[in-house]
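Spelled out, the chains give:
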Amino acid sequence: MEYPITANDDGVKIKPENMEKERLYHCVFKNKVLLLYKDSQDFLNCYEIEEEELVNQIKNSKNDDEVEEIFESYVQQKDTKN
């Protein structure tokens, strides 16, 4: 199936009909990472990340599994600092 999110100079295009429920999707747009998922009630949720280090790690990731690992590591680091 075609990845439901694409980004180019004109903006971000989202095809929610191609999204699986409760699955995290991402794209990089203008030095920001957009995280999207469709919840169990078919609501589309979107989050924007601007933190440079995190954005760069995601830009260099090879696949969605690696992106999830980056987020898990980031959350664990933040939890231990608080």
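Thresholds, definitions, all that
- Residues numbered from 1 in each chain as written.
- Predicted model: local features only at pLDDT ≥ 70, side-chain atom pairs only at ≥ 80, totals over all residues.
- Heavy atoms only, no water.
- Buried < 20%, exposed > 50% of the residue type's maximum accessible area, 1.4 Å probe, protein only.
- Helix = DSSP H or I, 4+ residues; strand = E, 2+ residues; numbered from the N terminus.
- Pairing = 2+ DSSP bridges.
- pLDDT = per-residue confidence, 0-100.
- Phe/Tyr/Trp six-rings, centres within 6.5 Å; stacked < 30°, edge-to-face > 60°.

A. Looking closely at the pairing of strand β4 (residues 32–38). When you tally the buried positions in β4, you get five out of seven residues, the bulk of the element. One ladder, built from five bridges, connects strand β3 (residues 25–29) with β4; its direction is antiparallel. Pairing of Phe29 across the sheet is with Lys32, part of β4. Where β3 folds back onto β4 in an antiparallel hairpin, the turn is made up of two residues, including Lys30, whose phi is positive at roughly 50°. Following β4, the chain reverses through five residues before pairing antiparallel with strand β5 (residues 44–49); Asp42 in that reversal takes a positive phi of roughly 65°.

B. Region of interest: the confidence of the model for the protein. Mean pLDDT over the protein stands at 91; residues scoring 70 or higher make up 98%. Confidence, expressed as mean pLDDT per element, reaches its minimum in the protein at helix α2 (residues 64–81) with 86 and its maximum at strand β2 (residues 11–14) with 96.

C. Molecular detail of the packing of aromatic side chains. This model, assessed by the stated rule, comprises one aromatic pair. Between the aromatic rings of Tyr3 and Tyr25, the centroid separation amounts to 5.5 Å while the plane-to-plane angle is 70°, which identifies the pairing as edge-to-face. Of this pair, Tyr3 sits in the segment before β1 (5–8) while Tyr25 sits in strand β3, and the two are 22 residues apart along the sequence. By relative accessible area, which is 28% here, Tyr3 ends up partly exposed. Given the relative accessible area of 2%, Tyr25 is considered buried.

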